[in-house]
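Now for the letters of each chain:
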Amino acid sequence: MASARRALRRALILVADSLGCGEAPDAAAYGDQGTNTLGNLARQLGGLELPHLAALGLGNLTEVEGVPPRQDTRGAYGKMREASAGKDTTTGHWEMAGLIIEQPFATFPHGFPREMIEEFVHAVGRGMLGNRPASGTVILDELGETHVRTGELIVYTSADSVFQIAAHENVVPLAELYRICERARQICDRYRIGRVIARPFVGQPGAWRRTYNRRDFAMPPPEPTILDAIRAAGLPSVGVGKIGDIFSMQGLDENLHSEGNADGLDKTLGLMERVGEGLIFVNLVDFDMLYGHRNDAPGYARCLAEFDAFLPALDARLRPGDLVIITADHGNDPTTPSTDHSREYVPLLAYGPPAAPGRDLGVRAQFCDVAQTLAEGFSLPPRPFGDSFLGELL
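Keep in mind that this is a model prediction, so the values were computed, not measured. (Residues numbered from 1 in each chain as written. Predicted model: local features only at pLDDT ≥ 70, side-chain atom pairs only at ≥ 80, totals over all residues. Heavy atoms only, no water.)

Trainee: Explain the pairing of strand 7 (residues 207-210) residue by residue, including any values.
Mentor: What you see with strand 7 is a clean split: Trp208 and Arg210 sit on the buried side and Ala207 and Arg209 on the side with no burial. Judged from the four bridges that link them, strand 6 (residues 195-204) and strand 7 form a sheet pairing that is antiparallel. Residue Gly203 lies in a different strand from strand 7, and its bridge partner there is Trp208. Between the end of strand 6 and the start of strand 7, which pair antiparallel, lie two residues, with Gly206 showing a positive phi angle near 85 degrees. (Buried < 20%, exposed > 50% of the residue type's maximum accessible area, 1.4 Å probe, protein only. Helix = DSSP H or I, 4+ residues; strand = E, 2+ residues; numbered from the N terminus. Pairing = 2+ DSSP bridges.)

What follows is the structure, encoded as structure tokens:
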């Protein structure tokens, strides 16, 4: 497709997984009063130093100690409220891509139904341990040794709609674990469970370590997303990290597996050299997986500083017609007793050669505004939901 008539040539969406910026108006309904992943993190640690994100307007979104608000931002800034029901990874990413989910995925605060577990055990040919909500690291400490001795699978959930299966890589080979998850996915479809997650680990009792061989087996999006529209227009649509899993590869030409943020960011720079137009959609999982879910505030801050330090390398590869959007899919406040996701606003930082500096995008009513903006920028038909902010950028 010729690019001359399009306002955008290439879009990069960087999802800082779980970087919320203040409790949403309906946070109380989710038990998340007082959550503010970004603000509380800065407050607890006595301030953050994030010069590049500060220049983009991060300090304008909520009170961030060490990152003051400023008017002379490099691009546009705002924050978004989730319109869909839920606060999980799949819902957040799908809404960014233009889908609003009115019925939340099912959660199981008391464990999965007996008949479901019996069907699962029969289908995969291995016994089961656990079947309760748990922290992934804690349940390994509790059941890892028994799993290694018996070969039975560790099954657990969380406050999110997830069916998680942990197995030692020397006990259950990865190929078998992934096949087990595919069988579980078939069962979980009937129970409207958002994701089946393979949680491989290695190590010894007292020193278990989860690996980056994790895979997510999500329900496929029920309707076409902006990814499908971009690909149908003949433009590249590429994911990095768990984007391919979240969308079941629908609307993607390829997806690059990543082993954490540093690897994902390095792969993003490589993609920018060979993918000159279309969409590059990146999930940065370490914020959530390594630090938010473990209430590791210092680790979260280090991760954020590393992301900040990466931005000049990305900026050096930007070309006319490129738009970068930095956002998140939900919160996960590491300063609260909970280790689960939180219902929060998420950042919306948009910059690049098309974006004028100092633009305030305000509070957006839905994550779908991202998809609508890409649709307008790529001269595609309007999406069913969302309000484009392209005109406010130019």
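Trainee: Residue-level account of helix 1 (residues 37-44), with values.
Mentor: Counting buried residues along helix 1, six of its eight residues qualify, which places the element largely inside the surrounding structure. Along helix 1, the positions that sit buried rather than exposed are Thr37, Leu38, Gly39, Asn40, Leu41 and Ala42. The inward-facing, buried residues of helix 1 abut helix 11 (297-315). (Contact = heavy atoms within 4.5 Å.)

Trainee: Can you tell me about helix 12 (residues 369-377), naming the residues and giving the values?
Mentor: For helix 12, the tally of buried residues reaches eight of nine residues, placing the bulk of the element in the interior. Burial in helix 12 covers these residues: Asp369, Val370, Ala371, Gln372, Thr373, Leu374, Ala375 and Gly377. Immediately beyond the C-terminal end of helix 12, within one or two residues, lies Ser379, with a positive phi of roughly 60 degrees.

Trainee: Describe in detail unusual backbone geometry, supporting the description with residues and values.
Mentor: The phi torsion at Arg192 lies on the positive side, around 55 degrees, for a residue other than glycine. The phi dihedral of Ser379 falls on the positive side, at around 60 degrees, and the residue is not glycine. Within the fold, Ser379 resides in the loop between helix 12 and helix 13 (390-393). A residue is classified by how much of its surface remains accessible, and Ser379, at 43% relative accessible area, is partly exposed.

Trainee: Tell me about the side chain of Ser161, residues and numbers included.
Mentor: Here Ser161 is to be found in the loop between strand 4 (153-157) and strand 5 (162-168). A distance of 2.5 Å separates a polar side-chain atom of Ser161 from the backbone oxygen of Ala106. For Ser161, the contacting residues outside a window of four places in its chain are Phe105, Ala106, Thr107, Arg192, Ile193, Gly194 and Arg195. (Polar contact = N/O pair within 3.5 Å; in protein donor to acceptor, adjacent residues only side chain to side chain.)

Trainee: Please set out the sheet that holds strand 13 (residues 346-351) residue by residue, giving values where relevant.
Mentor: Pairing in this open sheet of eight strands is mixed, and the strands run 10-9-11-1-12-13-2-14 from one edge to the other. On the outer flanks of this sheet lie strand 10 (254-256) and strand 14 (359-364), each paired with one strand and no other. Here the strands of the sheet are splayed against their neighbours by 15 degrees on average, with no regard to which way each runs. (Axes fitted to C-alpha atoms, helices over the stretch in contact; angles between N-to-C directions.)

Trainee: Outline the nonpolar core, listing residues and values.
Mentor: Formed by 92 residues in total, the largest nonpolar core has its most connected members in Leu48, Leu53, Ile226, Phe307, Leu314 and Ile326. Counting residues per element, this core draws most heavily on helix 11, at nine residues. With 23 residues, the next largest nonpolar core counts Phe112, Ile117, Phe120 and Ile180 among its residues. (Core = buried A, V, L, I, M, F, W, Y, C linked by side-chain atoms within 4.5 Å.)

Trainee: Summarise the environment of Ser258; cite the residues concerned and give the values.
Mentor: You can see Ser258 is positioned in the loop between strand 10 and helix 9 (261-274). Here the alpha-carbon distance between Ser258 and Tyr212, two residues 46 residues apart in the chain, equals 7.7 Å. Once residues within four sequence positions are removed from consideration, Ser258 is found in contact with Gly241, Asp263 and Gly264.

Trainee: Explain the packing of helix 4 (residues 114-124) against helix 6 (residues 174-190) to me, and be specific about the residues and the numbers.
Mentor: One can describe the packing of helix 4 onto helix 6 by two numbers: an axis separation of 10 Å at closest approach and a directional angle of 150 degrees. As the angle between them shows, helix 4 and helix 6 are arranged roughly antiparallel. The hand of the helix 4/helix 6 crossing is right-handed. Counted together, Met116, Glu119, Phe120, Ala123 and Val124 of helix 4 and Ile180, Arg183, Ala184, Ile187, Cys188 and Arg190 of helix 6 form the full contact between these two elements. Residues of the contact of helix 4 with helix 6, tallied by class, amount to eight nonpolar, no polar and three charged. (Parallel < 35°, antiparallel > 145°, perpendicular 65-115°, else oblique. Left-handed = near helix turned anticlockwise from the far one by under 90°. Nonpolar A, V, L, I, M, F, W, Y, C, P; charged D, E, K, R; others polar.)

Trainee: Describe the packing of aromatic side chains, listing the residues and the values that go with them.
Mentor: Taken as a whole and judged by the stated rule, the model has ten aromatic pairs. Residues Phe112 and Phe163 carry aromatic rings whose centres are separated by 4.7 Å and whose planes lie at 45 degrees to one another, so their mutual orientation is tilted. Residue Phe112 is located in the loop between helix 3 (89-96) and helix 4, and its partner Phe163 is located in strand 5; the two are separated by 51 residues in the primary sequence. By relative accessible area, which is 5% here, Phe112 ends up buried. Residue Phe163 is classed as buried on the basis of its relative accessible area, which comes to 1%. Ring geometry for Phe201 against Trp208: centres 5.3 Å apart, planes inclined by 85 degrees, an arrangement best described as edge-to-face. Here the two residues Phe201 and Trp208 agree in accessibility, since each one is buried. Following the ring pairs from residue to residue traces out a cluster consisting of Phe108, Phe112, Phe120 and Phe163. If you follow Lys79 out to its NZ or CZ, it ends over the ring of Tyr345, 4.6 Å from the centre. When the ring centre of Tyr178 is taken as origin, the NZ or CZ atom of Arg215, which lies over that ring, is 5.1 Å away. (Phe/Tyr/Trp six-rings, centres within 6.5 Å; stacked < 30°, edge-to-face > 60°. Lys NZ or Arg CZ within 6 Å of the ring centre and 35° of its normal.)

Trainee: Outline the pattern of salt bridges, listing residues and values.
Mentor: Any two side chains of opposite charge can pair, so long as their charged atoms come close to each other. According to the stated counting rule, one finds 21 salt bridges in the structure shown. Residues Arg70 and Asp72 are paired through a salt bridge, measuring 3.0 Å at the closest nitrogen-oxygen approach. Owing to a relative accessible area of 28%, Arg70 belongs among the partly exposed residues under this scheme. Take Asp72: its relative accessible area is 52%, and that puts it in the exposed class. For Asp189, the salt bridge goes to Arg185, with nearest N and O atoms at 2.9 Å. Taken together, the residues span about one helical turn, with Asp189 and Arg185 both in helix 6 at a distance of four residues. (Salt bridge = Lys/Arg side-chain N within 4 Å of Asp/Glu carboxyl O.)

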